[in-house]
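Observations on the model geometry
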Amino acid sequence: MTLFYVFAVVAVLASMLVIAQRNPIYSVLLLILSFGALSGLYVLLDAPFVAVTQIVVYAGAIMVLFLFVVMLLNAPHEDTELDEHVHPLRRPGPMRVGAVLAVALIVELGWALTRAGSQAGGDFPAAAVSSVRAIGRSLFTAYAFPFEVTSVLILVAMVGAVVLARRDSGPSVPPGA
Amino acid sequence: MPTLAHYLVLSAVLFCIGTAGVFVRRNLITILLSIEIMLNAVNLSFVAFGRAFGSADGQIIVFFVMTVAAAEAAVGLAIVIGLFRHRESLNPDTFTSLKW
Amino acid sequence: MPAITPLLIAQLVIIVVVFHALLLSAAAMVWVERRLAAALQQRLGPIRVGWQGLLQPFADVIKLMFKEELRPKAADALLFALAPVISATCAFAAFAVVPFGGETTLFGLLPEGMRLQVADVNVAALVIFAIASMSVYGIVLAGWSSNSKYSLIGGLRSSAQMISYELSYGMALVSVLLVGNSLSLTDIVNGQAGAWFGVIPKWFVFLQPLGFLIYMTAGVAETNRAPFDFPEAEQELVAGYHTEYSSMSFAMFFLAEYVNMVTVSAVATDLFLGGWHGPFLPASLGWIWFLLKVGALLFFYVWMRWTLPRYRYDQLMKFGWKVLLPVSVVNLLVTAAGVLYFGG
């Protein structure tokens, strides 16, 4: 139980710092910390494969991509001059709506936690350890079509990213051809 | 012992942090990071439910969500690079040329 | 609070032993590299410090400790200090799931056999892969936080190289996992026990020769060693991502590099060369065979560095994406077909 709280607190704190940080590099690094905490939570949920995949894919690849882009663009810190005028979300209308929604959320979360004894939010059944073998079998039989579709999706994203990030390089037809 | 409710509350809190980040931050890259926080919160929900109902389907859906998040991060960052080259700024308030 | 059993004490002892063994192996690699490089270049190398120069690594460490710890003024202090720590931590952490010996009762002190492995995780192969992908951060943050041209270019090139070769690394790993039929390194090693016709050991390198070559190539590229060490090339980039580092931070980067080499060799030994299985020795002394095999792979590492010329960066990336990756995918397909046909 304490392990759950440790990971949960780390994840929440790191995420809050991600959106509060001015320096984008620190934001990326704090998000990696949050992903590590979530990976620990997945291990607690008897999902070691998802935990390791989270580190490999999210923390190890996607965040490296973010870091590269931040370094490539030499992303400036958020300009504090532009914050002089009142942020559009700080005007009285949105603030009131936000406050109501926040109170509703807190009430609802508290209600969900206190109803933990009931069937819907009850304890987990005795360990159903899903092995990598079971996941793989299911992935290639029941979920085979979405699996193939994701491969096409990744191809499309790869081609799209390369095309979108390319500099305009002049006429593609060489003169005289 | 943490119950399913604990995991779902944590997932809800993380999702709200991500949403707040998308609304409040004025930096395109931080907005994309907040979207990643939201996707991770949803992943946690999936795995928790999968465990509660004793099926591996939760983890398989997480696999697909991660793939989609990777693809979306790649294309989103490519767009950010293109926008930055145009206007030398990462503040979404500078990209208002199509507004009334 | 877990009970203080002999097993718990033995596990703590193993952690300490593995950690110090890795430190000593890094020191030993310094000596081996310099003497071997000298032998390959027909000169003597360090022979004066201690018998045959064996105390040379310690002399180097003491020299580094006495140097001044510099930090460029414009460098980001937190990241500058954090980068070598990340590199070194990931290097050591990856060895936590590598088994290096068979069941042993430590000369009868333990009631039952304990495997020589710090943590027996049943997804061990993936954990190593995950920690390898985390070690990219040490380098990219070192390059960025130094706030200098050479460091940044070296850091970005090095990390781009590492994530490119991670793909082939993963594919070669998956091929051997197909043959070994398990993700746990201990199970894979135990699947290599015994011998065909009593003579040829059942190592996976004979079933997966191409996979072994791909794995070692990608491993060399991952650890930024020659011939893939362009980002550290002294002639081109001063010293790449660790230009601005001095004293113990520099030592930590070097420690990380040598420990990474040892880890890649150790995992290759477990996956392809049969781990601790070997003739003439009982299973509980198998770690001797393990050390011999890892030593052989490290010898090849050093031999490659001082024999082969360095790849240029674009040649390096071209090789990684256009040659090694398709070859590893084909290897995976052929392996999968073979496993299906021969019934696993």
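Residues numbered from 1 in each chain as written. Chains lettered and ligands numbered in written order. Predicted model: local features only at pLDDT ≥ 70, side-chain atom pairs only at ≥ 80, totals over all residues.

1. Focus on the overall build of chain A
When helices and strands are tallied, chain A shows six helices and zero strands. Taken from the N to the C terminus, the helices and strands of chain A come in the order α-α-α-α-α-α. In chain A, which comprises 177 residues, the proportion classed as buried is 28%. Summarising the internal contacts of chain A: among those between residues at least 6 apart in sequence, 46% fall at separations of at least 24. (Helix = DSSP H or I, 4+ residues; strand = E, 2+ residues; numbered from the N terminus. Buried ≥ 20, exposed ≤ 12 C-beta atoms within 10 Å, placed from the backbone. Contact = placed C-beta atoms within 7 Å.)

2. So, the overall build of chain B
Scanning chain B from terminus to terminus reveals three helices and zero strands. Secondary structure elements of chain B, listed N to C terminal, follow the sequence α-α-α. A compact globule built from 100 residues would reach a C-alpha radius of gyration of about 13 Å, whereas chain B, at 17 Å, exceeds it by more than 25%. Dimensions of chain B, computed from C-alpha atoms along their principal axes, come out at roughly 50 × 25 × 25 Å. (Rg over C-alpha atoms; globule rule 2.2 N^0.38 Å.)

3. Focus: the environment of alanine 73 of chain B
Examined against the element boundaries, alanine 73 of chain B turns out to sit in helix H3 (residues 57-87). Each C-alpha atom of the pair alanine 73 of chain B and serine 89 of chain B lies 19 Å from the other, and the pair is 16 residues apart in sequence. Sequence-distant contacts of alanine 73 of chain B, defined by excluding residues within four places in its chain, comprise Ile62 and Leu65 of chain A together with Leu32 and Glu36 of chain B.

4. Remarks on the interface of chain A and chain B
Bring the parts together and some accessible area is lost; that lost area is often taken as the interface size. Each partner contributes residues to the interface: chain A has 65 residues there, and chain B has 59 residues. Those elements that provide at least two residues to the side of chain A that touches chain B are helix H1 (2-20), helix H2 (24-44), helix H3 (48-73), helix H4 (92-114), helix H5 (132-141) and helix H6 (144-164) of chain A. Considering each element in turn, the side of chain A that touches chain B owes the most residues, twelve residues, to H3 of chain A. Residue composition of the side of chain A that touches chain B, grouped by class: 51 nonpolar, nine polar and five charged. (Nonpolar A, V, L, I, M, F, W, Y, C, P; charged D, E, K, R; others polar.)

5. Examining the nonpolar core
The biggest cluster of nonpolar side chains holds 159 residues, and the ones touching the most others in it are Val28, Met63 and Phe66 of chain A together with Val127 and Ile128 of chain C. Isoleucine 128 of chain C has contacts with Ala94, Val97 and Val267 of chain C, leaving out every residue within four places of it along the chain. (Core = buried A, V, L, I, M, F, W, Y, C linked by C-beta atoms within 7 Å.)

6. A look at the interface of chain C and chain A
Opposite the 14 residues of chain C that make contact, chain A presents twelve residues. Elements with a contribution of two residues or more to the side of chain C that touches chain A: helix H4 (124-134), helix H5 (136-145) and helix H6 (149-180) of chain C. Here the side of chain C that touches chain A takes six residues from H4 of chain C, the largest share from any one element. Classifying every residue of the side of chain C that touches chain A by side-chain character gives twelve nonpolar, two polar and no charged.

7. Describing the environment of serine 133 of chain C
Here serine 133 of chain C is to be found in helix H4. For the pair serine 133 of chain C and leucine 178 of chain C, spaced 45 residues apart in the sequence, the C-alpha separation amounts to 22 Å. Contacts of serine 133 of chain C, omitting those with residues within four sequence positions, involve Val56, Gly60 and Ala61 of chain A together with Glu166 of chain C.

8. Looking at the environment of isoleucine 35 of chain B
Residues and elements named next belong to chain B. Of note, isoleucine 35 is situated in helix H2 (residues 28-52). Sequence spacing of isoleucine 35 and glutamate 72 is 37 residues, and the spatial spacing of their C-alpha atoms is 9.9 Å. Discounting chain neighbours no more than four positions away, the residues touching isoleucine 35 are Gly18 and Val22.

9. So, unusual backbone geometry
The residue glutamate 88 of chain B is not glycine, and still its phi comes out positive at about 55 degrees. Residue position: glutamate 88 of chain B is located in the segment after H3. With 10 C-beta atoms counted inside 10 Å, the residue glutamate 88 of chain B sits in the exposed group. At glutamine 42 of chain C, a residue that is not glycine, the phi angle is positive and equals roughly 55 degrees. With respect to the helices and strands, the residue glutamine 42 of chain C is situated in the loop between helix H1 (6-40) and helix H2 (56-66).

10. Topic: the packing of H4 of chain C against H6 of chain C
How two helices pack is summed up by the angle between their axes together with the distance between the axes. Residues and elements named next belong to chain C. Contact pair H4 / H6: the axes reach a minimum separation of 11 Å and the direction vectors enclose 175 degrees. Regarding the angle of H4 to H6, the classification is roughly antiparallel. Taken together, the residues of H6 that come into contact with H4 (itself represented by Ala125, Phe129, Ala132 and Ser133) are Glu166, Gly170, Leu173 and Leu177. Of the residues contributing to the contact of H4 with H6, the split by class is five nonpolar, two polar and one charged. (Axes fitted to C-alpha atoms, helices over the stretch in contact; angles between N-to-C directions. Parallel < 35°, antiparallel > 145°, perpendicular 65-115°, else oblique.)

11. Thoughts on the packing of H3 of chain A against H3 of chain B
At a minimum axis distance of 11 Å, the contact between H3 of chain A and H3 of chain B shows a crossing angle of 0 degrees. Taken together, H3 of chain A and H3 of chain B sit at an angle that is classed as roughly parallel. Along the contact surface, H3 of chain A presents Phe49, Val50, Thr53, Val57, Tyr58, Ala61, Ile62, Leu65, Phe66, Val69 and Leu73 of chain A, while H3 of chain B presents Gln59, Val62, Phe63, Met66, Ala69, Ala70, Ala73, Ala74, Leu77, Val80, Ile81 and Phe84 of chain B. Taken together, the residues of the contact of H3 of chain A with H3 of chain B sort by class into 21 nonpolar, two polar and no charged.

12. Section: the confidence of the model for chain B
Detailed reading of the predicted coordinates is not advisable wherever pLDDT is low. Residue and element names in this part refer to chain B. In the predicted model, chain B carries a mean pLDDT of 89, and 99% of its residues have values of at least 70. Element-level pLDDT for chain B is lowest in helix H1 (residues 4-24), with a mean of 90, against a maximum mean of 93 in H2. Note on the complex model: pTM 0.87, ipTM 0.90. (pLDDT = per-residue confidence, 0-100.)

13. A short note on H1 of chain C
Residues and elements named next belong to chain C. Taking 1.5 Å per residue, 35 residues should reach 51 Å; H1 reaches 48 Å between its end C-alpha atoms and fits that length. Those residues of H1 that sit buried are Ile14, Ser25, Ala26, Met29 and Trp31. Positive phi appears at glutamine 42, one or two residues downstream of H1, with a value of about 55 degrees. (Expected span 1.5 Å × (residues − 1).)

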